[in-house]
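Residue-level structure breakdown
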Amino acid sequence: MRLRICTWNVNSVRLRAEQAARFVAEQAPDVLCLQEIKCREHEFPVNAFKEMGLPHIRIAGQKGWHGVAIASRLPIEDAQPLDACREGHARCVAAKVAGVDIHNFYIPAGGDIPDRETNPKFDHKLDFYEKLTSGLKTRDPKAPLAIVGDLNVAPGEFDVWNHRYMSKVVSHTPAEVEAFRAMEASIGLIDLTRATAPEPTKIASWWSYRAKDFRQSNRGLRLDHILVSPGLREAAWRLGAPMSRVYEDVRGWERPSDHAPVSADLIL
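All of the points below concern the structure found in this document. (Residues numbered from 1 in each chain as written. Predicted model: local features only at pLDDT ≥ 70, side-chain atom pairs only at ≥ 80, totals over all residues. Heavy atoms only, no water.)

1. Remarks on the packing of aromatic side chains
The criterion, for reference: Whether two aromatic rings pair depends on their centres lying within 6.5 Å, for rings of Phe, Tyr and Trp, where Trp uses its six-membered ring; planes under 30 degrees apart make the pair stacked, over 60 edge-to-face, and the rest tilted. Sitting over a ring, as applied to charges here, requires NZ of Lys or CZ of Arg to be within 6 Å of the ring centre and within 35 degrees of the ring normal.
Here the structure, examined in full by the defined rule, presents seven aromatic pairs. Arranged with centres 5.4 Å apart and planes meeting at 45°, the rings of Trp161 and Tyr165 form a pair that is tilted. Here the aromatic residues Trp8, Phe23 and Tyr247 are joined through ring pairs into a cluster of three or more. Against the face of Trp161 rests Arg219, its NZ or CZ located 4.2 Å from the ring centre.

Pasting the structure below:
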């Protein structure tokens, strides 16, 4: 069976429920992982997602901020969480779907100053990565596991519009890239989007609202990721090559999120 996992920082699920319905109708995800839902559990538009064909939902909500959710076409079971947020924010939610443990994260952006001592937000971001990496090291690499979400790091030279400039800007600094790579190395996580489009292909999933025309300014970052354990490598390559994509056109819809959805297909 095909399991299409999508991740999308929707930047307010209630504001963009209609866009979510359009995306689901056009791209048929089996699992849709959302970040920045910006609502509490009881405020989530559950009925709208049931009407989309995603009736099985897990939500970690927070009033006005953060918040993550997993909506699935298939039944959901409990998954052992990887809760890495020291501040107790609603940034992590997990579920098992079709035998795959899916962990959906909204990792802190980290503020403006890339210094742990002077910027508590940046320290929190790196601490989040460190806790997540430690938790992953306790897991079996052969078990089917996916780490998805807005991970707020563009790890590679070709995941940013200008590597030299962005190396001094939060999201692509050496400390963040190192933290991201340590997380990947913990159990040998596989970056399916980059595996589908190897370097030097440039990929982005986020574009600032400040640009009137995000395509013309072309200053995107790849902040949204789908990483899988070695236990899912065969499922990702079963058709000969991995299948992952960024839906850049969604960023061009009316009143869009500043992030585009990202998907990856597993053949289980």
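2. What about helix 5 (residues 174-187)?
Because the α-helix completes a turn every 3.6 residues, residues three or four places apart line up on one side. We apply this condition: Throughout, exposure labels follow a simple rule: accessible area from a 1.4 Å probe, protein chains only, divided by the maximum for the residue type, with under 20% read as buried, over 50% as exposed, and the rest as partly exposed. By definition, any uninterrupted DSSP run of H or I lasting at least four residues is a helix, any uninterrupted run of E lasting at least two residues is a strand, and each is numbered from the N terminus. Contacts are residue-level and defined by heavy atoms, with any inter-residue pair within 4.5 Å sufficient.
Buried within helix 5 we find Glu176, Val177, Ala179, Phe180, Met183, Glu184, Ser186 and Ile187. The inward-facing, buried residues of helix 5 contact helix 3 (120-136), strand 8 (145-150), strand 9 (190-191) and strand 10 (224-228). Within two residues after helix 5, Gly188 carries a phi angle of roughly 75°, on the positive side.

3. Focus: the sheet that holds strand 7 (residues 100-106)
Hydrogen bonds between backbone atoms are what pair the strands of a sheet, whose relative direction is either parallel or antiparallel. Applicable threshold: Pairing between strands requires that DSSP locate at least two bridges from one strand to the other. Here, axes are lines fitted to C-alpha atoms. For helices the fit covers the stretch in contact, and angles between N-to-C directions go from 0 to 180 degrees.
Taken together, the six strands give an open sheet; going across it, the order is 5-6-7-8-10-9, and neighbouring strands pair in mixed fashion. Two strands close off the open sheet at either side, each with one partner strand: strand 5 (76-77) and strand 9. Sheet topology note: the strand 7/strand 8 ladder contains six bridges and is parallel. If you follow Ile102 over to strand 8, its bridge partner there is Ala146. Here helix 5 sits on the sheet in contact with strand 8, strand 9 and strand 10, set at roughly 20° to strand 10.

4. Focus on the pairing of strand 7
Heads up, the rule is: Handedness rule for crossovers: strands pointing away from the viewer, path from the first strand over the helix to the second running clockwise, crossover right-handed.
Taken across its seven residues, strand 7 has seven buried, putting it largely inside the fold. Burial along strand 7 is two-sided: Val100, Ile102, Asn104 and Tyr106 facing one way and Asp101, His103 and Phe105 facing the other are all buried. Note: strand 6 (residues 92-97) against strand 7, six bridges, orientation antiparallel. Within the sheet, the bridge partner assigned to Ala95 lies in strand 7 and is Ile102. With antiparallel pairing between neighbouring strands as the criterion, strand 6 and strand 7 make up a hairpin whose turn holds two residues, including Ala98 at a positive phi of roughly 55°. Following the backbone out of strand 7, through helix 3 and into the adjacent parallel strand 8, one traces a crossover that is right-handed.

5. Quick look at the side chain of Glu184
With respect to the helices, strands and loops of the structure, Glu184 is situated in helix 5. What Glu184 contacts, discounting residues up to four positions off in sequence, is Leu189, Asp191 and Leu227.

6. Here we look at the pattern of salt bridges
Where charged atoms of side chains with opposite charge meet at close range, the side chains can pair. To be explicit about the condition: For salt bridges, the criterion is a side-chain nitrogen of Lys or Arg within 4 Å of an Asp or Glu carboxyl oxygen.
What the rule picks out here adds up to 20 salt bridges. The salt bridge involving Arg116 is made with Glu130; its shortest N-O contact spans 2.7 Å. Here the residue Arg116 occupies a position in the loop between strand 7 and helix 3, and Glu130 occupies one in helix 3, the gap between them amounting to 14 residues. Arg116 gets classed as partly exposed once you look at its relative accessible area, which sits at 31%. Glu130 gets classed as partly exposed once you look at its relative accessible area, which sits at 39%. Asp191 is the salt-bridge partner of Arg222, the closest N and O atoms lying 2.7 Å from each other. Of the two residues, Arg222 sits in the loop between helix 7 (214-217) and strand 10 while Asp191 sits in strand 9, which places them 31 residues apart along the sequence.

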